[in-house]
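Observations on chain architecture
What follows is each chain in one-letter form.
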Amino acid sequence: MSGFGTRKSDADMALIFNPNVSEMGKKKSRNFIARLGGLLRRQAYCSNVETIFAKVPIVKFFDKISHCDVDINVNNIVGIKNSFLLRAISLVDTRIPALVLVIKQWAKAHDINSAFQGSLSSYCLVSMIIYFLQTGVSPPLLPPLRAYVDKLANVNVNTDLQHLVPKTFIKFDVRNKEELGDIFVKFFHFWVKKFRQNKIFSLYSAQETIRTYNQPFLDTSAYVLVIQGD
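This write-up is about the structure you can find in this document.

Basis of the calculations
- Residues numbered from 1 in each chain as written.
- Predicted model: local features only at pLDDT ≥ 70, side-chain atom pairs only at ≥ 80, totals over all residues.
- Heavy atoms only, no water.
- Salt bridge = Lys/Arg side-chain N within 4 Å of Asp/Glu carboxyl O.
- Buried < 20%, exposed > 50% of the residue type's maximum accessible area, 1.4 Å probe, protein only.
- Pairing = 2+ DSSP bridges.
- Helix = DSSP H or I, 4+ residues; strand = E, 2+ residues; numbered from the N terminus.
- Axes fitted to C-alpha atoms, helices over the stretch in contact; angles between N-to-C directions.
- Contact = heavy atoms within 4.5 Å.
- Expected span 1.5 Å × (residues − 1).
- 1 Å grid on protein atoms, 1.4 Å probe; cavity = no way out; pocket = protein on both sides within 12 Å on 5 of 7 lines; lining within 4 Å.
- Points joined across faces, edges and corners; volume = space filled by probe spheres on them.
- Phe/Tyr/Trp six-rings, centres within 6.5 Å; stacked < 30°, edge-to-face > 60°.

**A look at the pattern of salt bridges**
Throughout the structure, instances matching the rule amount to four salt bridges. For Glu178, the salt bridge goes to Lys186, with nearest N and O atoms at 2.5 Å. Owing to a relative accessible area of 35%, Lys186 belongs among the partly exposed residues under this scheme.

Structural data, given as structure tokens:
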């Protein structure tokens, strides 16, 4: 659990075959997802089964028993570690998960919270919030994530991750005392200004750099948001 979900959130699951390999080969993972999708379509408890061959191929379905939407991927080790890191972030301060839930609800109400429809994914929104809390409020509510990403790099998700405690994983002295409502308003002011230039925003270093273009056909006047985790 990332710590940013609600009772209506879907369940993201990963099937791990080799914890020492962060991702399966593209062809192998696509073939497996296709076979898994076919198997789930024959199960009485599954409905609306859909295979999506994105960068990380997934099977989506509705579980009639738990009444929950489920996404399954294969060997996405990075995703599991990211979920743990997000859980740790949500426990740094109670205002953080509250801010995430409010902004996600705002995005859904304005139909801009669907990566499949060309807008912002929930993960992108959370990344924008993290960067804002690192650099857009003073004192910051979150530190750069460098030390924590590096610490997770060599963690085995089958044997080591279960021994890490999310509550104490991020050690950061929160001195910011602003009200949640004020932080919510500042989030929009922050990104209105940042969105006016093509930049890369790094959660790893809590710094930004100007994005350069090597492809001459790209429209460099367009607004492009790039959130970098490492």
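From this point, the narrative continues.
**Examining the sheet that holds strand β2 (residues 46-52)**
Strand order across the open sheet formed by four strands is β1-β4-β3-β2, with mixed pairing between neighbours. Because the sheet does not close on itself, it has two edges, and the strands there are β1 (11-15) and β2. Sheet twist, expressed as the mean angle between neighbouring strand axes with direction ignored, is 20 degrees. On the sheet, helix α1 (residues 26-41) packs against β1, β2, β3 (58-63) and β4 (68-74) and is oriented at approximately 165 degrees with respect to β2.

**Considering helix α3 (residues 95-109)**
Across its 15 residues, α3 extends 21 Å between first and last C-alpha, which sits within 8% of the 21 Å expected from 1.5 Å per residue. All of the buried residues in α3 are Arg95, Ile96, Pro97, Leu99, Val100, Ile103, Lys104 and Ala107. Positive phi shows up at Asp111, right after α3, with a value of about 55 degrees.

**What about empty space enclosed by the protein?**
Inspection of the entire model under this criterion finds one cavity of 30 Å³ or more. What the largest cavity holds in volume is close to 50 Å³. Lining the largest cavity are Phe4, Thr6, Ser9, Leu101, Lys104, Gln105 and Lys108.

**Focus on the environment of Ile52**
Examined against the element boundaries, Ile52 turns out to sit in strand β2. Note: C-alpha distance between Ile52 and Asn73 (21 residues apart in sequence) is 10.0 Å.

**Things to note about the packing of aromatic side chains**
Tallied over the entire structure, the rule returns 12 aromatic pairs. Considering the side-chain rings of Phe184 and Phe188, the 5.0 Å spacing of their centres and the 80 degrees angle between planes classify their relative orientation as edge-to-face. Taken together, the positions of Phe184 and Phe188, both in helix α7 (residues 180-194) and four residues apart, correspond to about one turn of that helix. Under the relative-accessibility criterion, Phe188 is labelled partly exposed at 22%. Relative to Phe188, the ring of Phe187 has its centre 5.3 Å away and its plane inclined at 85 degrees; by these criteria the two rings are edge-to-face. Its relative accessible area of 3% is what places Phe187 among the buried residues.

**Looking at unusual backbone geometry**
Following Ser138, the chain continues into Pro139 via a peptide bond in cis, with omega recorded as -5 degrees. Structurally, Pro139 can be placed in the loop between α4 (122-135) and α5 (146-153). Of note in the backbone geometry, His67 takes a positive phi value of approximately 55 degrees without being a glycine. Within the secondary structure, His67 sits in the loop between β3 and β4. Unlike most non-glycine residues, Asp111 shows phi in positive territory, near 55 degrees. Structurally, Asp111 can be placed in the loop between α3 and α4. Judged by its relative accessible area of 66%, Asp111 falls in the exposed class.

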